[in-house]
Amino acid sequence: MSVPADQPDDELTIPRAAMNKMIKEILPNVRVANEARELILNCCTEFIHLLSSEANEICNQQQKKTINAEHILKSLDTLGFGDYRAEAEAVLKDCKAMAAKKRRKSTRLENLGIPEEELLRQQQELFAKARQEQMLMQQQEWQMVQAQAAAAQQQQQEQQTIDDDEDYS
């Protein structure tokens, strides 16, 4: 997410709709006041800022240019949130599994945007067309063989007639 240079950091927050959805999923039967929602939003934003800053420091100490999952997990420990490490690792494992599943599912066929039934129908049409063309070619070859055989038979009969005429002369 890019941020204009004149916009202060404290204005960066999690989208309210996403936060409201999370609150509803976690507390479906509880009403949460707008003031409490705002506080939760600010706490989450501050936590993310704190965690990412610490992960960035760890990344810099290791002379790396990209923050990875291990940096985040280590920053949880460093900031005193080690109790959440196991849950964070489980979420990371789930995310990796979902990403792998998505990669396996994502095939060239799916990327076409054409429903499978339509692709099957098109394939059947192509097969029928290919069978028809093959049958037509076979008929043409058969007719050519028949014509050649008839021509050869006629030539043979003509030769026979010539030979018979020569015998009588």
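Computed from a predicted model, the values in this text were never measured in an experiment. (Residues numbered from 1 in each chain as written. Predicted model: local features only at pLDDT ≥ 70, side-chain atom pairs only at ≥ 80, totals over all residues. Heavy atoms only, no water.)

Enquirer: How should unusual backbone geometry be read in this particular structure?
Expert: Residues other than glycine predominantly adopt negative phi, and peptide bonds predominantly adopt the trans conformation. Of note in this structure, Gln63 is not a glycine but carries a positive phi near 55 degrees. Along the chain, Gln63 falls in the loop between helix H2 (34–61) and helix H3 (69–78). For Gln63, a relative accessible area of 73% corresponds to the exposed category. (Helix = DSSP H or I, 4+ residues; strand = E, 2+ residues; numbered from the N terminus. Buried < 20%, exposed > 50% of the residue type's maximum accessible area, 1.4 Å probe, protein only.)

Enquirer: Sorry if this is basic, but what is going on with the packing of aromatic side chains here?
Expert: The description of an aromatic ring pair uses the distance of the two centres, along with the angle that the planes make with each other. Taken as a whole, this structure holds two aromatic pairs when the rule is applied. Considering the side-chain rings of Phe47 and Phe81, the 5.1 Å spacing of their centres and the 90 degrees angle between planes classify their relative orientation as edge-to-face. Placement of Phe47 in helix H2 and of Phe81 in the loop between H3 and helix H4 (85–105) is noted, with a sequence separation of 34 residues between them. Relative to Tyr84, the ring of Phe81 has its centre 6.2 Å away and its plane inclined at 45 degrees; by these criteria the two rings are tilted. For Phe81, a relative accessible area of 26% translates into the label partly exposed. By the ring-pair criterion, three or more aromatic residues cluster together here, those being Phe47, Phe81 and Tyr84. (Phe/Tyr/Trp six-rings, centres within 6.5 Å; stacked < 30°, edge-to-face > 60°.)

Enquirer: Help me understand a negative patch on the surface in this model?
Expert: Together, Asp163, Asp164, Asp165 and Glu166 give the surface a local cluster of negative charge. Looking at the element boundaries, Glu166 is found in helix H6 (residues 116–168). (Patch = residues over 30% accessible without salt bridge, like charges linked within 9 Å, V, L, I, M, F, W, Y side chains within 5 Å. Areas by Shrake-Rupley, 256 points an atom, 1.4 Å probe, with all protein chains shown as cover. Salt bridge = Lys/Arg side-chain N within 4 Å of Asp/Glu carboxyl O. Lys, Arg positive; Asp, Glu negative; His and termini not counted. Charge placed at Lys NZ, Arg CZ, Asp CG, Glu CD.)

Enquirer: Quick question: what am I supposed to make of the confidence of the model for the protein here?
Expert: For the protein, the mean per-residue pLDDT works out to 87, and 88% of the residues sit at or above 70. Across residues 1–7, where pLDDT falls below 50, the model places one contact with residues more than four positions away in sequence or in other chains. (pLDDT = per-residue confidence, 0-100. Contact = heavy atoms within 4.5 Å.)

Enquirer: Before we go on, may I ask you to explain a nonpolar patch on the surface in this structure?
Expert: A cluster of nonpolar residues, Met22, Ile26, Leu27 and Val30, forms a patch on the protein surface that exposes about 370 Å² of accessible area. Its location among the elements puts Val30 in the loop between helix H1 (16–26) and H2.

Enquirer: So what exactly am I meant to see when it comes to the side chain of Arg37 here?
Expert: Inspection of the secondary structure puts Arg37 in helix H2. At 2.8 Å, the side chain of Arg37 forms a polar contact with the side chain of Asn20. Those residues in contact with Arg37 that lie beyond four places of it in its chain are Asn20, Ile23 and Val32. (Polar contact = N/O pair within 3.5 Å; in protein donor to acceptor, adjacent residues only side chain to side chain.)

Enquirer: Explain the state of the cysteines to me, please; I cannot follow it from the model alone.
Expert: As used in these notes, a disulfide is a covalent bond between sulfur atoms, one from each of two cysteines. Under the definition given, this model contains zero disulfides. A disulfide-free cysteine, Cys43 has its sulfur positioned 7.0 Å from the sulfur of Cys44, the nearest such atom. Under the relative-accessibility criterion, Cys43 is labelled partly exposed at 46%. (Disulfide = S-S within 2.5 Å.)

Enquirer: Hey, could you run me through the packing of H2 against H3 in this one?
Expert: When two helices pack together, their arrangement is given by the angle between the helix axes and by the axis-to-axis distance. Here H2 crosses H3 at 110 degrees, and the two axes come no closer than 8 Å. As the angle between them shows, H2 and H3 are arranged roughly perpendicular. Here H2 runs over H3; the crossing is right-handed. Listed contacts from H3 to Phe47, Leu51, Glu54, Ala55, Ile58 and Cys59 of H2 are His71, Ile72, Lys74, Ser75, Leu76 and Thr78. Class assignment of the residues belonging to the contact of H2 with H3 gives a composition of seven nonpolar, three polar and two charged. (Axes fitted to C-alpha atoms, helices over the stretch in contact; angles between N-to-C directions. Parallel < 35°, antiparallel > 145°, perpendicular 65-115°, else oblique. Left-handed = near helix turned anticlockwise from the far one by under 90°. Nonpolar A, V, L, I, M, F, W, Y, C, P; charged D, E, K, R; others polar.)

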